[in-house]
Amino acid sequence: KNQVEQSPQSLIILEGKNCTLQCNYTVSPFSNLRWYKQDTGRGPVSLTIMTFSENTKSNGRYTATLDADTKQSSLHITASQLSDSASYICVVKVYSGGGADGLTFGKGTHLIIQP
Amino acid sequence: NAGVTQTPKFRILKIGQSMTLQCAQDMNHNYMYWYRQDPGMGLKLIYYSVGAGITDKGEVPNGYNVSRSTTEDFPLRLELAAPSQTSVYFCASSYSAGGSSYEQYFGPGTRLTVT
């Protein structure tokens, strides 16, 4: 069964500090991995999409890594800001030949940035 | 562009009532999706559409129906509401020209309570 596990479930850090969120998956065959940011009361917003051949991808202060051999990904946030407080969701797509389904969503890591 | 819009934002239904959740996008995306998000759980796909007139079931379609008469609109119909349908519902859209690394755009969500 395709699964996406995220850790930690929740995390509290001080403003300005760095943090790393983890994602392990058992999805096969793998197509791509996404990280979404979901602010409270809002829909998810895409941060990065990584394919099999991409090891690292950055989006501002967000850097995602992917190890397709160990089926692990991480999202590193540098110099955290209060606006980074949100849930971060890891999503893995199975290769289905199409594009409409095959997404497995993790439960998310709830990140709180304290001033 | 307004992106993906959803109405209503909140709704309380009595058991057995019916309602339609509205979703519209102005990005000319061919793919549209409905997800539900339960507390502490990952998003689950209810239904999706790859274009006007074409819909298909996702992971949790029971108790729901959809239609796609235009590219822009993708309403979700709840018949005979049950407490198990209490959730936050997200509509999303994407454009895919056959590749799988498409970016999804989510609406702000509809919070539904069935009592």
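Scroll up for the structure.
Residues numbered from 1 in each chain as written. Chains lettered and ligands numbered in written order. Predicted model: local features only at pLDDT ≥ 70, side-chain atom pairs only at ≥ 80, totals over all residues. Heavy atoms only, no water.

Enquirer: How do you make sense of the overall build of chain A when you look at a structure like this?
Expert: Within chain A, the secondary structure is distributed over 0 helices and 11 strands. Listing each helix as α and each strand as β along chain A from the N terminus yields β-β-β-β-β-β-β-β-β-β-β. Projecting the C-alpha coordinates of chain A onto the three principal axes gives extents of approximately 45 × 30 × 20 Å. At a minimum sequence separation of 6, the contacts of chain A that also span at least 24 residues come to 57%. Just so you have it, chain A exposes about 5,500 Å², and 48% of that area is on carbon and sulfur atoms. The distance from the centre of the 10 positive side-chain charges to the centre of the 8 negative ones in chain A is 4 Å. (Helix = DSSP H or I, 4+ residues; strand = E, 2+ residues; numbered from the N terminus. Contact = heavy atoms within 4.5 Å. Areas by Shrake-Rupley, 256 points an atom, 1.4 Å probe, with all protein chains shown as cover. Lys, Arg positive; Asp, Glu negative; His and termini not counted. Charge placed at Lys NZ, Arg CZ, Asp CG, Glu CD.)

Enquirer: Explanation requested: the nonpolar core in the structure shown.
Expert: Side chains of a nonpolar character, in soluble globular proteins, are inclined to be buried together. One finds Tyr25(A), Leu33(A), Trp35(A), Leu75(A), Tyr88(A) and Val92(A) to be the most contacted residues of the largest nonpolar core, which totals 25 residues. Secondary-structure elements contributing two or more residues to this core are strand E3 (19-25), strand E4 (30-38), strand E5 (45-51), strand E7 (62-67), strand E8 (72-77), strand E9 (86-94) and strand E11 (109-114) of chain A. (Core = buried A, V, L, I, M, F, W, Y, C linked by side-chain atoms within 4.5 Å. Buried < 20%, exposed > 50% of the residue type's maximum accessible area, 1.4 Å probe, protein only.)

Enquirer: Even after reading the chapter, I still don't get the environment of Ile89(A), so can you show me in this structure?
Expert: Here Ile89(A) lies in strand E9. Note: C-alpha distance between Ile89(A) and Thr109(A) (20 residues apart in sequence) is 6.6 Å. Setting aside its immediate chain neighbours within four residues, Ile89(A) contacts Gln6(A), Arg34(A), Trp35(A), Tyr36(A), Gln38(A), Pro44(A), Phe105(A), Gly106(A), Gly108(A), Gln37(B) and Leu43(B).

Enquirer: How should I be thinking about the pattern of salt bridges in this particular structure?
Expert: Once the charged atoms of two side chains with opposite charge are near each other, the side chains can pair. Residues and elements named next belong to chain A. All told, the structure shown has 6 salt bridges over all chains when counted by the stated rule. The shortest N-O distance in the salt bridge between lysine 57 and glutamate 54 comes to 3.4 Å. A relative accessible area of 30% places lysine 57 in the partly exposed class. The partner of aspartate 84 in a salt bridge is arginine 61, and the shortest N-O contact between them spans 2.8 Å. Of the two residues, aspartate 84 is situated in the loop between E8 and E9 and arginine 61 in the loop between strand E6 (56-59) and E7; the sequence distance between them amounts to 23 residues. Classification of aspartate 84 as buried rests on a relative accessible area of 1%. (Salt bridge = Lys/Arg side-chain N within 4 Å of Asp/Glu carboxyl O.)

Enquirer: Can you walk me through the layout of surface pockets in this structure?
Expert: Where empty space is left can be seen by rolling a probe of water-molecule size over the atoms. Its volume calculated, the largest pocket comes out at about 660 Å³. What lines the largest pocket is a set of 29 residues, and nearest its centre among them are Gln38(A), Gly41(A), Gln37(B), Val88(B) and Arg111(B). Put simply, the parts of the chain that give the lining of the largest pocket at least two residues each are E9 and E11 of chain A together with strand E9 (87-94) and strand E11 (110-114) of chain B. Per-element tally for the lining of the largest pocket: the top contributor is E11(B), with 4 residues. (1 Å grid on protein atoms, 1.4 Å probe; cavity = no way out; pocket = protein on both sides within 12 Å on 5 of 7 lines; lining within 4 Å. Points joined across faces, edges and corners; volume = space filled by probe spheres on them.)

Enquirer: Help me understand the sheet that holds strand E7 (residues 64-66) of chain B, please; the structure alone is not making it clear to me.
Expert: For sheets, the rule is that strands pair by backbone hydrogen bonds, running either parallel or antiparallel. All names here are of chain B. The strand order across the open sheet built from 4 strands is E1-E3-E8-E7, with neighbouring strands paired in antiparallel fashion. This sheet does not close on itself; its edge strands, each paired only once, are strand E1 (4-7) and E7. The sheet shows a mean angle of 20° between the axes of neighbouring strands, taken without regard to direction. Inspection of the sheet shows E7 paired to strand E8 (residues 76-78) by 3 bridges, in the antiparallel sense. If you follow asparagine 65 over to E8, its bridge partner there is arginine 77. (Pairing = 2+ DSSP bridges. Axes fitted to C-alpha atoms, helices over the stretch in contact; angles between N-to-C directions.)

Enquirer: Explanation requested: the state of the cysteines in the structure shown.
Expert: Structurally, a disulfide amounts to a covalent bond that connects the sulfur atoms of two cysteines. In this structure the tally under the stated criterion is 2 disulfides over all chains. Note that Cys23(A) is cross-linked by a disulfide to Cys90(A), the S-S spacing being 2.0 Å. Taking the sign of the S-S torsion, about -70° here, the bridge from Cys23(A) to Cys90(A) comes out left-handed. Linking Cys23(A) in strand E3 with Cys90(A) in strand E9, this pair joins segments that are 67 residues apart in sequence. Assessed through its relative accessible area of 0%, Cys90(A) is described here as buried. Here Cys23(B) is linked by a disulfide to Cys91(B), with a sulfur-sulfur distance of 1.8 Å. Linking Cys23(B) and Cys91(B), the disulfide has an S-S dihedral of approximately -70° and is accordingly described as left-handed. Highlighted residues: Cys23(B) in strand E3 (residues 19-25) and Cys91(B) in strand E9, separated in sequence by 68 residues. Taken as a pair, Cys23(B) and Cys91(B) share a single burial class, namely buried. (Disulfide = S-S within 2.5 Å.)

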